[in-house]
Amino acid sequence: VKQEGRNGFNLYNPDMNKDAQRALALGTRLRSAINNDELELYYQPIVDLSTDKIVGAEALMRWRDEEFGAVSPEEFIPIAEKNGLIHRIGELAISKACMQAAEWQQISPIHLSVNISSVQFRYCEQLYAQIRHALLKSGLDPELLDIEVTESLLFNHNEEVLQLLSRLQSMGIKLTIDDFGTGYSALSYLQKFPFDRLKIDRSFLQQIENKSEDRELVNAILAMAKALKLEVVAEGIESQKHVDYLKGKRCEFGQGYFYSKPVPASEFEQLLHEVVAA
Ligand code: C2E
Ligand code: CA
Ligand code: CA
Ligand code: CA
């Protein structure tokens with residue numbers, strides 16, 4: 001094995017260098033995309049599995065750059081978390097999504113889910129002010145707002161984070177733990193934090209038909225959620241088989257390409273009208 005010096009990455013790993021260069025360039029483009037209001041939210045339906053009706057929407061950020069084309073949030077969110085732009089992106093997401101959801105209440109009483117990065121919790125006061133402002137400005141009932149956080153928040157938590165979560169919950173906001181099962185979560189965290197819902201990561205559903213271990217994992221998560229009185233949303237539902245399995249296990253909510261991919265606001269509105277008409 002070749003020993004690399006302190007600058008080994010730069011000297012011997014041209015790929016790493018390219019990745020770093022792309023990240024830097026994307027970071028610069030992202031900043032101007034924010035300034036030019038070029039980020040857009042798409043919405044993916046969340047379905048009540050007992051009625052097959054749309055009861056919610058998850059807001060997901062989309063960015064198309066002139067030079068780089070469509071850049072996935074899987075790529076630009078981590079960049080934004082490193083260069084600090086996540087605070088502005090987060091504010092945009094929450095304010096735009098609340099306005100949109102408030103407007104949709106005239107069609108159907110749906111919930112709105114917004115992703116909040118653990119990095120945004122480094123400035124709890126600022127985050128609280130952003131959420132409060134978005135609710136006041138839009139007039140959206142806080143009970144209809146659902147905040148999704150990942151397990152990394154629990155891992156690096158401090159008292160201030162815990163206090164903010166409790167404060168949000170006492171306003172009526174729902175708290176969801178996202179990507180459940182992929183991170184560092186321990187059962188003690190789940191008890192300590194005031195969550196209302198848990199989202200099973202889509203990786204658990206993918207192999208559900210041919211891997212009994214994955215079925216057992218899903219069953220175990222559902223049983224644990226029930227014991228902790230958490231509602232469950234299954235993510236990544238792609239087939240009728242997935243639906244049937246989850247319905248059989250009394251999973252409350254589902255989301256995935258089987259129902260719809262994330263779509264622009266205007267298309268989501270069409271879906272809502274269809275639900276009401278049905
Ligand atoms: P996430 O919060 O776990 O969001 C769910 C992701 O799964 C979305 O990817 C969605 O398009 C995808 N998905 C939904 N159903 C299916 C399915 O049936 N099959 C498959 N293969 N995929 C499905 P997306 O939109 O690319 O977002 C990726 C991640 O980027 C999100 O994962 C979230 O962590 C992050 N993200 C997106 N928008 C925001 C945002 O506004 N703020 C923050 N902090 N993170 C965001
Ligand atoms: Ca999410
Ligand atoms: Ca997720
Ligand atoms: Ca994810």
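Values in this document were obtained by computation on a predicted structure and should not be read as measured data.

(A) Spotlight on the site of ligand 1. The immediate surroundings of ligand 1 are formed by 21 residues, with Met61, Arg62, Arg202, Glu238 and Tyr257 found nearest. Between ligand 1 and Asn115 there is a distance of 3.1 Å, counted from an oxygen atom to a side-chain nitrogen or oxygen. With respect to ligand 1, the backbone of Tyr257 contributes an N or O atom lying 2.8 Å from an oxygen atom. Of all the elements in the fold, those that place two or more residues in the shell around ligand 1 are strand E2 (53-65), helix H3 (73-83) and strand E6 (174-180). In terms of residue count, the dominant contributor to the shell around ligand 1 is E2 (four residues).

(B) Local environment of the packing of helix H4 (residues 86-104) against helix H5 (residues 124-138). The interhelical angle for the contact between H4 and H5, taken along N-to-C directions, is 25°, at an axis separation of 8 Å. The angle between H4 and H5 falls in the class roughly parallel. Considering only the axes of H4 and H5, their crossing is right-handed. Mapping the contact onto sequence places His87, Glu91, Ile94, Ser95, Cys98, Met99 and Ala102 in H4 and Gln126, Gln130, Ile131, Ala134, Leu135, Lys137 and Ser138 in H5. Class assignment for the residues of the contact of H4 with H5 results in seven nonpolar, five polar and two charged.

(C) Representation of the coordination of the calcium ion (ligand 3). Coordination sphere of the calcium ion (ligand 3), protein contribution only: Asp178 (OD), Asp179 (OD), Glu235 (OE) and Glu235 (OE), at 2.2 to 2.4 Å. Every donor residue of the calcium ion (ligand 3) comes from the same chain, spaced as D-D-x55-E. Between the calcium ion (ligand 3) and the calcium ion (ligand 2) the interatomic distance comes to 4.1 Å, and Asp178 is a ligand of both metals. The partly exposed category is assigned to Asp179, whose relative accessible area is 24%.

Calculation notes
- Residues numbered from 1 in each chain as written.
- Chains lettered and ligands numbered in written order.
- Predicted model: local features only at pLDDT ≥ 70, side-chain atom pairs only at ≥ 80, totals over all residues.
- Heavy atoms only, no water.
- Near = heavy atom within 4 Å.
- Polar contact = N/O pair within 3.5 Å; in protein donor to acceptor, adjacent residues only side chain to side chain.
- Helix = DSSP H or I, 4+ residues; strand = E, 2+ residues; numbered from the N terminus.
- Axes fitted to C-alpha atoms, helices over the stretch in contact; angles between N-to-C directions.
- Parallel < 35°, antiparallel > 145°, perpendicular 65-115°, else oblique.
- Left-handed = near helix turned anticlockwise from the far one by under 90°.
- Contact = heavy atoms within 4.5 Å.
- Nonpolar A, V, L, I, M, F, W, Y, C, P; charged D, E, K, R; others polar.
- Donors = N, O, S within 2.8 Å, 3.2 Å for Na, K, Ca; no water.
- Buried < 20%, exposed > 50% of the residue type's maximum accessible area, 1.4 Å probe, protein only.

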